[in-house]
Amino acid sequence: MKDFGIYIHIPFCRQKCFYCDFPSFAGKERMIGPYLEALEQEMGQVRQRLWDRGEAVFGSDGKLAPGTIYIGGGTPTVLETVALPDVFYLLQKHIDVEHAGEITIEANPGTVDGEKLRLLHGFGINRLSLGVQSFDDGCLKAIGRIHSGQEAAEAVAEAQDAGFANISVDLMYGLPGQDMNMLRESVETALSLGVQHISIYGLQLEEGTVFDKLHQQGKLVLPSDELTEEMYDYITAFLPERGYYRYEISNFALPGYESRHNLSYWQDVPYLGFGSGAHSYWGDCRYQNSARIEVYMEEVFQGRAMCHVEEKVTEKAHIEEFCFLALRTAAGISVRRFAAVFGRDVHELYGEQIRRLVEKGLLLEDRERLCLSPLGMKYGNQVFGEFLLEDEK
Ligand code: SF4
């Protein structure tokens, strides 16, 4: 059977964070009912299409049988305890949930309590990804989060009490007003809570966000480049020292707790995305649903799920993406897998670039694989640029 993942997007949030450009919306809770109905229909339509094509993606009961499921957003846990069973009803209707070894849900600490977490765990969700960003109340306020540091710590403890043994927290650095001590305290708090996985991202100014506007008005004060670099150096040295293996540029995990779902994106595994703004990567096509909830629902209700090919993936694009994504991970590019997928040796295409990058200390090479050195992880874009192919190749 084909290996693939399923992503389900819940686009509702209580409040829009100041840095966020994800397809998520505050104040649209009244649409939750019809949205779940659309999700159910979308899954039904896609399932039927894949069945008609004879794709090897079904379990013995005729349901989709992915290796991993990821429920993200938005804030899936903005759904009330009474609405969450509807999500699981539609999942169980179309998906062989038990076949999936990893089922993750994203949660905002301001939208969970013990009861909700027990419910989620009882549904078979075995991984919780908590968007914490910082345990410092000043930082949290400055970026528009709805929860306090204390609430975030309580959410981790409540999740553990509810039975979650695989918890990830998202943290951020380079935030307005953040200094080294605040960052250190946040990272150390996460470790002291016993989480198994930490994703940590530098703040990016994305177009259309509150921070983007403030920046243009000259009203956003961010840590200096030197301080931000010091933060990066601290994180990338400290977490591995404490046993959290850096298995991807921004992701650290105790051994065995890497996100299988996210790894599959980086390892060129196909996925189906359901919900507004969701992407799918299937065959040699990429699909994208409209990020506007109303448009997405209208299209699904008209029976047009998975109809918008965003991009036909050419061999050139496939090779480039295969390399960029694999290089993000500690495992890097497998020379053997590259040859199996593309029918040629990676050195045939990139021999000169590989030699240059190895010389600069950005790339490490052995007989089996090519991967970023610690320096290469820091300056990844320089490396990725070298893996762009000329049109004729
Ligand atoms: S909770 Fe997450 S998805 Fe929602 S606005 Fe904040 S960062 Fe964006």
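For every chain, the first residue of the written sequence is number 1, and numbering continues from 1 along that sequence. A pLDDT threshold of at least 70 governs which residues receive local features in this predicted model, and a stricter bar of 80 or more applies before side-chain atom pairs are shown or counted, although totals over entire chains, interfaces and linings include all residues. With hydrogens and water stripped out, all remaining heavy atoms of the structure feed into the side-chain values.

Some remarks on the packing of helix H6 (residues 180-192) against helix H8 (residues 225-241)
Axes here mean lines fitted to C-alpha atoms, for a helix over just the part in contact, with angles spanning 0 to 180 degrees between N-to-C directions. We count a stretch as a helix when DSSP gives it H or I for four or more residues in a row; a strand needs E for two or more, and each element gets its number in order from the N terminus. It is the contact of H6 with H8, at a shortest axis distance of 10 Å, that shows an interaxial angle of 25°. The angle between the axes of H6 and H8 places the two elements in the roughly parallel class. Considering only the axes of H6 and H8, their crossing is right-handed. Every residue of H8 that contacts H6 at Met 180, Leu 183, Arg 184, Val 187, Glu 188 and Leu 191 is listed here: Leu 227, Glu 230, Met 231, Tyr 234, Ile 235, Phe 238 and Leu 239. Orientation labels follow simple angle bins: below 35 degrees gives roughly parallel, above 145 gives roughly antiparallel, 65 to 115 gives roughly perpendicular, and whatever is left gives oblique. Left-handed describes a crossing whose near helix is turned anticlockwise from the far helix by less than a right angle; the clockwise case is right-handed. Residue contacts are counted whenever heavy atoms from the two residues lie within 4.5 Å of one another.

Description of the site of the ligand
In the neighbourhood of the ligand, the contacting residues comprise Cys 13, Gln 15, Lys 16, Cys 17, Tyr 19, Cys 20, Phe 22, Ser 24, Gly 74, Thr 75, Asn 108 and Arg 145. Three categories are distinguished: nonpolar for Ala, Val, Leu, Ile, Met, Phe, Trp, Tyr, Cys and Pro, charged for Asp, Glu, Lys and Arg, and polar for the others, with Gly belonging to the last. Of the residues contributing to the shell around the ligand, the split by class is five nonpolar, five polar and two charged. Residues are classed as near a molecule or strand on a simple rule: at least one heavy atom within 4 Å of it.

Looking at helix H12 (residues 335-342)
Burial status follows relative accessibility: with a 1.4 Å probe on protein chains alone, a residue under 20% of its type maximum counts as buried, one over 50% as exposed, and anything between as partly exposed. Along H12, the residues classified as buried are Val 335, Phe 338 and Phe 342. Buried residues of H12, viewed axially, fall in a sector of 60°; they line one side. Facing away from the buried side of H12 by over 90 degrees, the exposed positions are Arg 336 and Ala 340. Tucked inside the fold, the buried residues of H12 contact helix H11 (315-328), strand S15 (333-334), helix H13 (346-359) and strand S17 (369-372). Note on H12: the residue one or two positions beyond its end, Gly 343, has a positive phi of about 70°. The arc in question is the one spanned by the directions pointing from the helix axis to the C-beta atoms.

Examining empty space enclosed by the protein
Buriedness of a pocket was judged along seven lines, with at least five required to meet protein on both sides within 12 Å; pockets are open sets of points on a 1 Å grid over the protein atoms alone, cavities are sets where a 1.4 Å probe fits but cannot get out, and lining residues have an atom within 4 Å of a point. Grid points are joined across faces, edges and corners, and a volume is the space filled by probe spheres set on the points. The full count for this structure, using the stated rule, is three cavities of 30 Å³ or more. Estimated volume of the largest cavity: approximately 80 Å³. Lining of the largest cavity is provided by 13 residues; of these, Asn 289, Glu 299, Arg 304, Ala 305 and Met 306 occupy positions nearest its centre. Listed by contribution, the elements that provide at least two residues to the lining of the largest cavity are strand S13 (285-288) and helix H10 (293-301). Tallying contributions element by element places H10 first for the lining of the largest cavity, with three residues. Partitioned by chemical class, the residues of the lining of the largest cavity number six nonpolar, four polar and three charged. Approximately 60 Å³ is the volume attributed to the second largest cavity. In terms of lining residues, the second largest cavity is bounded by Glu 42, Val 46, Leu 272, Gly 273, Phe 274, Ala 278, Ser 280, Tyr 287, Gln 288, Asn 289 and Met 306. Sorting the residues of the lining of the second largest cavity by element identifies helix H1 (32-52), strand S11 (271-274) and S13 as the ones contributing at least two each.

Considerations on the packing of aromatic side chains
Each aromatic pair joins two rings of Phe, Tyr and Trp (for Trp, the six-membered one) with centres within 6.5 Å, and gets the label stacked for planes under 30 degrees apart, edge-to-face for over 60, and tilted for any other angle. By the definition in use, this model includes 16 aromatic pairs. Both rings, one in Phe 12 and one in Tyr 35, keep their centres 5.4 Å apart while their planes meet at 85°; by these two values the pair is edge-to-face. Taken together, the residues span a long stretch of sequence, with Phe 12 in strand S2 (residues 12-13) and Tyr 35 in helix H1 at a distance of 23 residues. The two residues Phe 12 and Tyr 35 agree in class, both being buried. Here the aromatic rings of Phe 338 and Phe 342 are separated by 4.9 Å at their centres, their planes lie at 50°, and the arrangement is tilted. Linking Phe 338 with Phe 342, this pair stays in helix H12, spanning four residues, or about one helical turn.

Description of the nonpolar core
For the purposes of this section, nonpolar cores are sets of buried Ala, Val, Leu, Ile, Met, Phe, Trp, Tyr and Cys residues that join through side-chain atoms within 4.5 Å. Ranked by size, the top nonpolar core spans 104 residues in total, and within it Ile 8, Leu 64, Leu 272 and Phe 387 carry the most contacts. Per-element tally for this core: the top contributor is H1, with eight residues. The domain boundaries here were taken from an automatic or database domain assignment. If you count residues domain by domain, this core takes at least three from each of domain 1 (5-266) and domain 2 (315-386). Listed in part, the ten residues of the second largest apolar core include Cys 17, Leu 175, Leu 203 and Leu 220.

Some words on the UniProt feature "domain: Radical SAM core" (unreviewed entry) in the chain
UniProt positions are given in the numbering used here, feature names are shortened, and annotations may be inferred rather than shown by experiment. If you check UniProt for "domain: Radical SAM core" (unreviewed entry), the listed places come out as residues 1-246 in our numbering. Helix and strand shares over residues 1-246 are 40% and 18% respectively, and the end C-alpha atoms of the span are 30 Å apart.

Describing the sheet that holds S17
Taken together, three strands build an open sheet; the order of strands is S15-S17-S16 and the sheet is antiparallel. The outermost strands of the open sheet, each flanked by one partner alone, are S15 and strand S16 (363-365). Taken together, the two bridges between S15 and S17 define a ladder with antiparallel strand orientation. Directly across from Ser 334, in S17, lies its bridge partner Arg 369. Against the sheet, H13 touches S16 and S17, its axis set at about 120° to S16. Strands were regarded as paired on the criterion that DSSP finds at least two bridges between them.

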